[in-house]
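Reading the structure
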Amino acid sequence: MSGLEPFGARLRRAMDERGPLCVGIDPHASLLAEWGLNDDVAGLERFSRTVVEALADRVAVLKPQSAFFERFGSRGLAVLETSVAEARAAGALVVTDAKRGDIGSTMAAYAESFLHKDAPLFSDALTVSPYLGYGSLSPAVALARESGAGLFVLALTSNPEGGEVQHAVRSDGRNVGATMLAHLSAENAGEEPLGSFGAVVGATLGDLSSYDLDINGPLLAPGIGAQGATPADLPGVFGTAVRNVVPNVSRGVLRHGPDTVALRDAAERFAEEIRHAVTSS
Ligand SMILES: O=C(O)c1cc(=O)[nH]c(=O)n1[C@@H]1O[C@H](COP(=O)(O)O)[C@@H](O)[C@H]1O
């Protein structure tokens, strides 16, 4: 299978050209209502299309959250499929946020669903959970390498409950989250300009200087906006690794819809604040 240029290289270029902001496509029922849309497939489709039309030609990354599409069954998945394809066609990289993770043989099927270049839901990258053991993700790593896609592996998540798993200390004295970062560092070794295997690290987590965030791969940082973190927090959380951070904002941008100009302005305000925070750090 001849693949695309590796995700890490494509992402680095997109971040350089467009800035690093990732906007989530999270069609919450409450947002559909705020936008004057029905909580049905037509509302979902209108919402998703509006975000793609407003932002896919200007932000580096769009991240549709699969749960909000799966909620509507097969017709919701069809909307996800169209949204992924249209966003990619308009120039955004698409990270499908499905947080998949299973035993290796089943993980191979999840990988086929999102990371095979001919799959209807092919995405530039996929969020995955390593909590069945990092090695269970091997089929996804292998297929991503083949097709030029990437992964974002949950390492230190933005939610307060994550610590009970991710901060647990192993027999070697290292905690679980740090272990995931070390696996990713090994995955990305020697890759230039950036590896394709990223970590999810919440922007809400405060000082992370006790972790080695220098994984030579992207750090997807959700938590800005609705969860309380701000762009100004990024340098304090990520230190020198801030140059590899892809900050995600979902509701913080989406609540400005359905007006296209208002959505663009909101994304631009976050992008500007991020630029300022990163360059002055
Ligand atoms: O993988 C993710 O994207 C993710 C990981 C994490 O630790 N925390 C987190 O909030 N997310 C996702 O990022 C988005 C955050 O949305 P807002 O809080 O509305 O900006 C949601 O789609 C979450 O599922």
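Residues numbered from 1 in each chain as written. Predicted model: local features only at pLDDT ≥ 70, side-chain atom pairs only at ≥ 80, totals over all residues. Heavy atoms only, no water.

You'll find the chain entered in an unreviewed UniProt entry as Orotidine 5'-phosphate decarboxylase, with Streptomyces violaceus given as the organism. Per UniProt, the chain carries the Catalytic activity (unreviewed entry) text "orotidine 5'-phosphate + H(+) = UMP + CO2". Under Pathway (unreviewed entry), UniProt gives the following word-for-word description of the chain: "Pyrimidine metabolism; UMP biosynthesis via de novo pathway; UMP from orotate: step 2/2." (UniProt positions renumbered as here; feature names shortened; annotations may be inferred.)

**Considering the sheet that holds strand β5 (residues 150–156)**
Ordered by their spatial adjacency, eight strands build a closed barrel running β1-β2-β3-β4-β5-β6-β7-β8, and the pairing between neighbours is parallel. Pairwise comparison of adjacent strand axes, ignoring direction, gives a mean angle of 30° for this sheet. Bridge analysis of strand β3 (residues 93–100) against strand β4 (residues 125–128) gives three bridges, and the strand direction is parallel. Bridge pairing in β4 places Thr96 opposite Leu126. (Pairing = 2+ DSSP bridges. Helix = DSSP H or I, 4+ residues; strand = E, 2+ residues; numbered from the N terminus. Axes fitted to C-alpha atoms, helices over the stretch in contact; angles between N-to-C directions.)

**Re the confidence of the model for the chain**
When pLDDT is low, close inspection of the predicted coordinates is not appropriate. When pLDDT is averaged along the chain, the result is 97; 100% of the residues meet or exceed 70. This prediction of the complex comes with two scores: 0.98 for pTM and 0.99 for ipTM. (pLDDT = per-residue confidence, 0-100.)

**Topic: the environment of Asp16**
Among the secondary structure elements, Asp16 is positioned in helix α1 (residues 7–18). For the pair Asp16 and Ala60, spaced 44 residues apart in sequence, the C-alpha separation works out to 8.9 Å.

**Quick notes on the UniProt feature "domain: Orotidine 5'-phosphate decarboxylase" (unreviewed entry) in the chain**
Following the UniProt record, the feature "domain: Orotidine 5'-phosphate decarboxylase" (unreviewed entry) maps to residues 20–266 here. What you have in residues 20–266 is 39% helix and 16% strand, and the ends, taken at the C-alpha atoms, are 15 Å apart.

**Quick word on the site of the ligand**
Near the ligand there are 17 residues, and of these Asp26, Lys63, Ser158, Gln227 and Arg251 occur at the shortest range. In this structure, Gln65 approaches the ligand through a side-chain N or O atom, which is 3.2 Å from an oxygen atom. Measuring from an oxygen atom of the ligand, one finds a side-chain N or O atom of Gln227 at 2.8 Å. Protein chains shield 90% of the accessible area of the ligand, which is 500 Å² for the free molecule. By residue class, the composition of the shell around the ligand is five nonpolar, seven polar and five charged. (Near = heavy atom within 4 Å. Polar contact = N/O pair within 3.5 Å; in protein donor to acceptor, adjacent residues only side chain to side chain. Areas by Shrake-Rupley, 256 points an atom, 1.4 Å probe, with all protein chains shown as cover. Nonpolar A, V, L, I, M, F, W, Y, C, P; charged D, E, K, R; others polar.)

**Section: the UniProt feature "active site" (unreviewed entry) in the chain**
Per the UniProt record, "active site" (unreviewed entry) is annotated on Lys99. Relative to the helices and strands, Lys99 resides in strand β3. In this structure Lys99 comes out as partly exposed when scored by relative accessible area, which is 40%. Excluding its chain neighbours within four sequence positions, the residues that come into contact with Lys99 are Gln65, Thr127, Val128, Ser129 and Leu154. Within polar-contact distance, the side chain of Lys99 engages the side chain of Asp97 at 2.8 Å. (Buried < 20%, exposed > 50% of the residue type's maximum accessible area, 1.4 Å probe, protein only. Contact = heavy atoms within 4.5 Å.)

**Quick look at unusual backbone geometry**
A cis amide bond links Glu192 with the next residue in sequence, Pro193, at an omega value of -5°. Mapped onto the secondary structure, Pro193 falls in the loop between α9 (176–187) and β6 (197–201). Between Gly257 and Pro258 the backbone carries a cis peptide bond, its omega angle lying at 10°. In this structure, Pro258 sits in the loop between α11 (251–254) and α12 (260–279). In this model, Lys99 sits at a positive phi of 45°, which is unusual for a non-glycine residue.

**Quick look at the pairing of β4**
Here β4 shows no split at all, with Ala125 and Thr127 on one side and Leu126 and Val128 on the other all buried. One crossover worth recording links β3 to the parallel β4 by way of helix α6 (residues 104–115), and it is right-handed. Pairing geometry for β4 and β5, over four bridges, is parallel. Counted as the bridge partner of Thr127 is Phe152 from β5. With respect to chirality, the unit in which β4 leads through helix α7 (residues 138–147) into the neighbouring parallel β5 is right-handed. (Right-handed = clockwise from strand over helix to strand, strands pointing away.)

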